Amino acid sequence: MNYQKVYGITGPVSIAQSTAAENKLNDELVQELKKENSFETEQETANRVKVLEILQKLTENFVFKVSKNKNMSDGMAKDSGGKVFTFGSYRLGVHGPGSDIDTLIVVPKHVTREDFFTVFDSLLRERPELEEIAPVPDAFVPVIKVKFSGISIDLLCARLDIAQVPLNLTLSDKNLLRNLDEKELRALNGTRVTDEILELVPKPNVFRITLRAIKLWAQRRAIYANVFGFPGGVAWAMLVARICQLYPNACSAVVLNRFFKIFSEWKWPQPVVLKPIEDGPLQVRVWNPKIYAQDRSHRMPVITPAYPSMCATHNITESTKTIILKEFARGVQVTNDIFSNKGNWGDLFKKHTFFYEYKFYLTITASTRGTDEEHLKWSGLVESKLRLLILKLEALPGINLAHPYTKPFESTYCYTTDEESKTILNDYGSHATEGTLNNFLKVTDDNKNNDDVKDKKKVRITTMYIGLNVNVANKKEKIDIHVPCTEFFNLCRNFNEEYQKSDLYALSIRYVRLYDLPDAVYDEGESRPIKKSSKTKRKKRDGEDELTKRVRSEKSSYDNNASILASKVSSSSSDNKLPVASTTA
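Reading the values: the criteria
- Residues numbered from 1 in each chain as written.
- Predicted model: local features only at pLDDT ≥ 70, side-chain atom pairs only at ≥ 80, totals over all residues.
- Heavy atoms only, no water.
- UniProt positions renumbered as here; feature names shortened; annotations may be inferred.
- Helix = DSSP H or I, 4+ residues; strand = E, 2+ residues; numbered from the N terminus.
- Buried < 20%, exposed > 50% of the residue type's maximum accessible area, 1.4 Å probe, protein only.
- Contact = heavy atoms within 4.5 Å.
- Areas by Shrake-Rupley, 256 points an atom, 1.4 Å probe, with all protein chains shown as cover.
- Pairing = 2+ DSSP bridges.
- Axes fitted to C-alpha atoms, helices over the stretch in contact; angles between N-to-C directions.
- Core = buried A, V, L, I, M, F, W, Y, C linked by side-chain atoms within 4.5 Å.
- Expected span 1.5 Å × (residues − 1).

As annotated in an unreviewed UniProt entry, the protein chain carries the name Poly(A) polymerase and is attributed to Naumovozyma dairenensis. Taken verbatim from the UniProt record of the protein chain, the Subcellular location (unreviewed entry) comment is "Nucleus". Under the UniProt heading Catalytic activity (unreviewed entry), the entry covering the protein chain gives this text: "RNA(n) + ATP = RNA(n)-3'-adenine ribonucleotide + diphosphate".

Participant: Would you take a moment to explain the overall build of the protein chain for this structure?
Facilitator: Summing up its helical and strand segments, the protein chain has 18 helices and twelve strands in all. The buried share among the 585 residues of the protein chain stands at 53%. Of the contacts formed within the protein chain by residues at least 6 apart in sequence, a portion of 73% connects residues at least 24 apart. For the protein chain, the accessible surface area stands at approximately 27,000 Å², while carbon and sulfur atoms represent 48% of it.

Participant: Please clarify how the environment of Val13 should be interpreted in this entry.
Facilitator: Note on placement: Val13 falls in the segment before helix H1 (20–35). With a relative accessible area of 53%, Val13 lands in the exposed category. Separated by 234 residues in sequence, Val13 and Tyr247 place their C-alpha atoms 6.2 Å apart. Other than its neighbours up to four places away in sequence, Val13 contacts Leu246 and Tyr247.

Participant: Just checking my understanding: could you explain the sheet that holds strand S2 (residues 101–107) for this structure?
Facilitator: What the five strands build is an open sheet, ordered S1-S2-S5-S4-S3; its pairing is mixed. Two strands bound the open sheet, and with one partner strand each, they are strand S1 (83–87) and strand S3 (130–136). Strand-to-strand twist of the sheet, defined as the mean angle between neighbouring strand axes without regard to direction, takes the value 25°. Both S2 and strand S5 (residues 151–159) contribute to a ladder of seven bridges, which runs parallel. Each residue of the ladder has a partner; that of Ile101, found in S5, is Ile153. Its contacts with the sheet put helix H6 (residues 182–199) on S1, S2 and S5, and the angle it makes with S5 is roughly 115°.

Participant: Is there a simple way to think about the nonpolar core in this case?
Facilitator: Counting residues in hydrophobic clusters, the biggest one holds 76 residues, and the most contacted among them are Phe207, Trp217, Trp236, Phe259, Phe263 and Phe355. Per element, the largest residue contribution to this core is ten residues, and it comes from helix H8 (residues 233–246). When near neighbours in sequence (up to four residues on either side) are disregarded, Phe207 contacts Leu92, Ile197, Leu198, Val201, Ala237, Val240, Ala241 and Cys244. Membership of the second largest hydrophobic core comes to 31 residues, among which are Ala366, Leu389, Ile390 and Leu504.

Participant: For this particular structure, what's the right way to read the pairing of S2?
Facilitator: On a regular strand, each side chain points to the face opposite its neighbour's, so the side chains alternate between the two faces of the sheet. For S2, the buried fraction is high: seven of the seven residues fall into the buried class. Burial along S2 is two-sided: Ile101, Thr103, Ile105 and Val107 facing one way and Asp102, Leu104 and Val106 facing the other are all buried. Of the strand pairs in this sheet, S1 and S2 are connected by five bridges, and their pairing is antiparallel. Across the sheet, residue Thr86 finds its bridge partner in S2, namely Thr103.

Participant: When you look at helix H17 (residues 482–493) in this model, what are you seeing that I'm missing?
Facilitator: Owing to its 3.6 residues per turn, the α-helix brings residues three or four apart onto one side. Taking 1.5 Å per residue, twelve residues should reach 16 Å; H17 reaches 16 Å between its end C-alpha atoms and fits that length. Listed in full, the buried residues belonging to H17 are Pro484, Cys485, Thr486, Phe488, Phe489, Cys492 and Arg493.

As C-alpha cells, then:
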C-alpha cells in the first residue's frame, strides 16, 4: 500500500497527478518564464558564487582581526571562525538577473554588532569590488547595504553565544538562539525560515517554478514590497509553499491556478501556517493573536515556520489588502482562461496600470545635497516610514484607498548654486514644469564617472507615489490631509538630529493630478493618459477611472525653514475636491 506523506497542518486537498494537458501548460509556463528573463545565465551565477567566496574570506578575516584586538592568540583567533549564510530568493533558488543576495554573517560571542559596523565596514571599503555602501545600524534589522561586483547585497550580522563558528555550523538547533537580543534573533530568522520552507514542500522543483511565476506576477502587478505594505519575498514563498502542501503531486501550472483560487477565497485573518507553531527554550514572543492585541490586528497573517514564529505580513494595511485581493481575483480569471485555452501565460504577467488609475497622487520626495551614502540612509528612512503615512491617510473619511507604488524613482542632477538646486527640486516631479530640468546635467550610469560630473555638486532625489481613491458624497466637501502629512514629515525629520540639517536633507509631500504626472513614471512606448471630454465625463458619474482635466501644478516653493503650505485642488463640478498638504524642508 502506498502512503502519501502529509505536509503542513492538514491533509492534502488532492493527491492527483497532473494530466497530459496540465503538463503541456506547465511546459508553456516554463517557456514564458524564460522569455520573461526569469532565469540568470551561468556566468551571472558564477559571479554570485565568487562574490560569496570573497565575503566568506572577509568574514574570517573580520573575526580574526576582532579576536586579535581582544588579546587572543593567533591560534584561538583563527579557530574563532565565522560563516556566511544566505537566505531569501538566492537560498530558495528563485533568484533572477539583477536580484540581490540576502546574506547573514554569523560570528562568535566575543564579536559585537559595533565591530560589524566598524571593523567589517572598513574591510569592505578596502575592496576594489565595492561600488556602493550604506550602513544602517538603526534599522529594525541592522544592515549594511552594498553593491559588490555589480551585485546588490544586504549584509546582516548575528552573534551566537558560542566561542567558535565553524564552517560546518547549521542553524537548525533552537538552543543556538539562547542569550541573543531581539535584533540578533530577527537576523537569524531569515536563514532559519528559508531552510525550513525548503524542507516543508513536497517537490522543491515544482515549488521553485511556481514561486518564480508568483514573484514575476507580483512584481509586474506592483504588489511585491514588504516595506510598502505588500508581501515581501519570504511571505510569497510561504504562500506558495502552503499550496504545494495541499497539492503535493500537481505540476506548477496547477499549483499556480489553485494559489489564486484558494487565497482569493481565504477567510482572512485566518493565518497561513506551514506547520504547527512551536514552543521553544526562550522567553521570547511567539505569534499568538489570543494573547497579543497587536497580533490580532494583522490583516493577512502569514506565519514563519521557524521558532520563534513571527508574522511576515504585519505591514499589510487595509488599502494594500484590498489591492492584493483584487489581484488574486484577477489571477483566478486569467489562469482559468489559460486552462480553458482562452489565454496564455503572458496575460498573467501584464504590467500594472497604477499610473492610469487615480485622479490624485501624492508624491513623497526625499532629496539630499550630499553623498550617495547620505542619500541612501535618508531615502531609506523615508521609505521605511511611508507605511505609517498610508495608515493615517486611509483612516480619513472620504479616502477609500491609499495605494502605494512599490518602486521609488531615482534621479541625480548636477548644480552650481543653491538657487539652481532649489529650482531642480521645485520643478521636479511635474509634467508641467519638468522641461526646465533639461537645463541641468542629469547624472546617468554612462556619465557618472566623467570628470565634468564627478567634481560637481549634486542633488540626489528619490520619489515615491501614493494613489488616492477619494469619495466625497457632498461635492462641496473637501478632504484635509494636512495633519497626516505634517505628522509624517515631522516623524522623518525628527528621527535623529542629523536629518534636521535642512541644507543637506529635504523632504516634500505634494499632490499631483493624473495628467501632471512626470514622464519618468511611464515606460518607453507607453502613452500618457488621454483627457476625456466633458461629455464623456458627464456619462461617467460613477466612473471607476474618471479622468480630470489638467490643471497647472500647485507646488510650494522650496523652503529651508520647513514651512507647511496648504493648497486646495479645484476642478469641475463632477470632480472630487481634495485639500492637500504640500510640505517641504
